[in-house]
Amino acid sequence: MNITLSTGKIIPIEMHKVKIVQKTNLPSSKRRLEAINEAGYNTFLLRTRDVFLDMLTDSGTNAMSDNQLGAMMVSDEAYAGSESFYKLADAVKEVLGFKYLLPVHQGRAAEHLLAKAFVKPGDVVPMNYHFTTTKAHVDLAGGKVAEIFKEGALETASSNPFKGNLDPAKLEALVKQHGVAHIPFVRMEATTNLIGGQPFSMANLREVKAMAASFGIPLVFDGSLISENAYFIQQREPEFKGATIQQVITELMKNVDIFYMSGRKSAAVRGGLIATNEKKFYDAILPWLPVYEGFATYGGMSTKEVEAMAVGLREMTEQAVASSGADFIQYFVNRLEEEGVPVVTPAGGLACHLDAMRFLPHIPQAQYPAGALAAAFYIASGVRGMERGTVSMDRDAQGNDVMSDLELLRLAVPRRLYTMSHIEYAVDRVKWLYAHREMVGGLQFVEEPPVLRFFFGRLEPVGDWGVQLAAAFRADFGDEF
Ligand code: F0G
């Protein structure tokens, strides 16, 4: 939630109190240089004891509520027929309006099952934008992703409130080109992760649904950040001014045939689910659930998480919860813009994104500017962000790099986890790095896995810029920080 101070300044305000804390540690820049070398210049390979603020992701890292923790204590540990499952099913019905529920251990498990049940070799899956794991599962099933976003979606400096919109005209052309039989479903990702957490509008969803329905193609909704997308609709789409988050969600779900989500984000747990009102979809997926996940009443989740997810789903419809991450991100983005740092605008869900192509224009894309920025920012701050650029794209069949549309450093803002001074610290260190940006050089792979290489790949700096950067930092801030 935002609050206006007597000076007129607007700040995000925490509508919660801190009840439990975890200590964090700010390693010196000397240690940070060692740690990033040990990690092969890949922030995924850092140990958290070397991380001050963990802005790698908002996945499974959000602060849980007292009610969620309380619910975990009364979970019903049963392999089959657990009461916890029925509580989650009630929440899914109440919040999302679906009668069939398939729990899974996390979002990509839902994607795996959807690809297994519906995607055949040669199929094309249109979507507003891909997510890494979604694309991997579509590819592994022999299909291809078609990204059919609207013009302007990839402009990082923008005032378009709905860069996550899908282009219905392109959808029509795609169906005509490939034929209905080769398009198993259309996927809408609620706030497009890889292009800066950008939402789609209700008007667009309705249009996409109508177009898909006219061909008899089901609409799949990735609701991993559903409460954020609903919040942006409430804030940015005039029809929904004054509507509650629940009202927006209810309206969104009218357009959805199959819903799935990573519960690790909006619902603040560690799990996932698929839900639908159509028995034929449920029946197509159900047989695979015990093969890959677990029995139908826990789906690979601990029953404690099942309980917490039921509470998390209801809580994400509260205004203060739905806005908690987004308002901090907006503040973060505004502050960096004030400092002249190139960031993705408008602010989206999930994270504040720095535009590495504008931040480090001297680094060619083949030397991974977003990866270099992630490593450089860690050296300068102890803050761990995530590369979202070409390192996150796997090579093509010929072994060539596939250049990403965007090169972003994502600084995730997990919900209710960090405070204003943490954000101000991150802003200050980005500002310092921006002033020293010409020192940062490129990266090259040393070890490169074939699939989702960004997770375990190891890189090295081209030249010794890491050492130079750490030395410049020490000269300004001393040995301690
Ligand atoms: N869909 C979206 C839009 C996501 O952002 C994610 C995960 C998934 C699906 C997969 O869910 O992780 O529970 O298996 N995003 C995480 C991230 C990994 O860091 O952005 P998962």
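Residues numbered from 1 in each chain as written. Predicted model: local features only at pLDDT ≥ 70, side-chain atom pairs only at ≥ 80, totals over all residues. Heavy atoms only, no water.

Overview of the side chain of Asp-401
Part 1 of the argument: If you trace the backbone, Asp-401 turns up in the loop between strand 13 (386-388) and strand 14 (408-412).
Part 2 of the argument: Side-chain polar atoms of Asp-401 contact the side chain of Tyr-368, separated by 2.7 Å.
Part 3 of the argument: Here the side chain of Asp-401 touches Arg-453 through a polar contact of 2.7 Å, side chain to side chain.
Part 4 of the argument: What Asp-401 contacts, discounting residues up to four positions off in sequence, is Ala-366, Tyr-368, Thr-390, Arg-395 and Arg-453. (Helix = DSSP H or I, 4+ residues; strand = E, 2+ residues; numbered from the N terminus. Polar contact = N/O pair within 3.5 Å; in protein donor to acceptor, adjacent residues only side chain to side chain. Contact = heavy atoms within 4.5 Å.)

Re the environment of Met-64
Part 1 of the argument: The residue Met-64 is located in the loop between strand 3 (53-54) and helix 2 (66-73) in this model.
Part 2 of the argument: Along the sequence, Met-64 and Glu-337 sit 273 residues apart, while their C-alpha atoms lie 31 Å from each other.
Part 3 of the argument: If sequence neighbours within four positions are ignored, Met-64 has contacts with Leu-69, Met-72, Ala-268, Val-269, Arg-270, Ala-308 and Arg-416.

A few points about the domain arrangement of the protein chain
Interface size, as often reported, equals the accessible area lost upon joining of the parts.
Part 1 of the argument: According to the domain assignment, the protein chain contains domain 1 (2-58 + 320-477) and domain 2 (66-315).
Part 2 of the argument: Of the residues lining the interface, 30 residues belong to domain 1; the matching set on domain 2 comes to 37 residues.
Part 3 of the argument: Between domain 1 and domain 2, roughly 2,600 Å² of surface is buried when both sides are summed, and carbon and sulfur atoms account for 56% of that area.
Part 4 of the argument: Contact with domain 2 buries surface across domain 1, with Ala-322, Pro-346 and Arg-415 losing the most and accounting together for 20% of the total.
Part 5 of the argument: Applying the counting rule to domain 1 against domain 2 returns three salt bridges.
Part 6 of the argument: In this structure, Glu-228 engages Arg-415 in a salt bridge whose closest nitrogen and oxygen atoms are separated by 2.7 Å.
Part 7 of the argument: Counting every contact that joins domain 1 to domain 2 gives 15 residue pairs in polar contact (both at pLDDT 80 or more).
Part 8 of the argument: Elements supplying a minimum of two residues to the side of domain 1 that touches domain 2: helix 13 (319-322), helix 14 (324-338), strand 11 (351-355), strand 14 and helix 18 (453-456).
Part 9 of the argument: When the residues that make up the side of domain 1 that touches domain 2 are grouped by side-chain class, the tally is 14 nonpolar, six polar and 10 charged. (Domains from an automatic or database assignment. Buried area = accessible area lost by both parts, 1.4 Å probe. Salt bridge = Lys/Arg side-chain N within 4 Å of Asp/Glu carboxyl O. Nonpolar A, V, L, I, M, F, W, Y, C, P; charged D, E, K, R; others polar.)

Brief notes about the sheet that holds strand 13
Part 1 of the argument: Taken together, the three strands give an open sheet; going across it, the order is 11-14-13, and neighbouring strands pair in antiparallel fashion. The two strands at the open ends of the sheet, each matched to only one other strand, are strand 11 and strand 13. Pairs of neighbouring strands in the sheet enclose a mean axial angle of 30 degrees, with direction left out of account.
Part 2 of the argument: The pairing of strand 13 with strand 14 spans three bridges and is classified as antiparallel. Across the sheet, Arg-388 pairs through a bridge with Leu-408, a residue of strand 14. (Pairing = 2+ DSSP bridges. Axes fitted to C-alpha atoms, helices over the stretch in contact; angles between N-to-C directions.)

With respect to the site of the ligand
Part 1 of the argument: Around the ligand, a shell composed of 17 residues is seen, among which Thr-57, Arg-108, Asp-222, Ser-262 and Arg-410 lie nearest.
Part 2 of the argument: Starting from 470 Å² of accessible surface for the ligand in isolation, the protein chains cover 96%.
Part 3 of the argument: Element by element, the count of residues in the shell around the ligand is highest for helix 4 (residues 107-118), at three residues.
Part 4 of the argument: In terms of residue class, the shell around the ligand is made up of two nonpolar, eight polar and seven charged. (Near = heavy atom within 4 Å. Areas by Shrake-Rupley, 256 points an atom, 1.4 Å probe, with all protein chains shown as cover.)

Considering the pairing of strand 9 (residues 258-262)
Part 1 of the argument: For strand 9, a buried count of five out of five residues is recorded, marking the element as mostly surrounded by other parts of the structure.
Part 2 of the argument: Burial along strand 9 is two-sided: the face carrying Ile-258, Tyr-260 and Ser-262 and the face carrying Phe-259 and Met-261 are both buried.
Part 3 of the argument: Where strand 8 (residues 219-222) and strand 9 come together, three bridges link them in parallel fashion. From the neighbouring strand, Phe-221 faces strand 9, where its bridge partner is Phe-259.
Part 4 of the argument: Note: strand 9 against strand 10 (residues 272-276), five bridges, orientation antiparallel. Across the sheet, the residue bridging to Met-261 is Leu-273, located in strand 10. (Buried < 20%, exposed > 50% of the residue type's maximum accessible area, 1.4 Å probe, protein only.)

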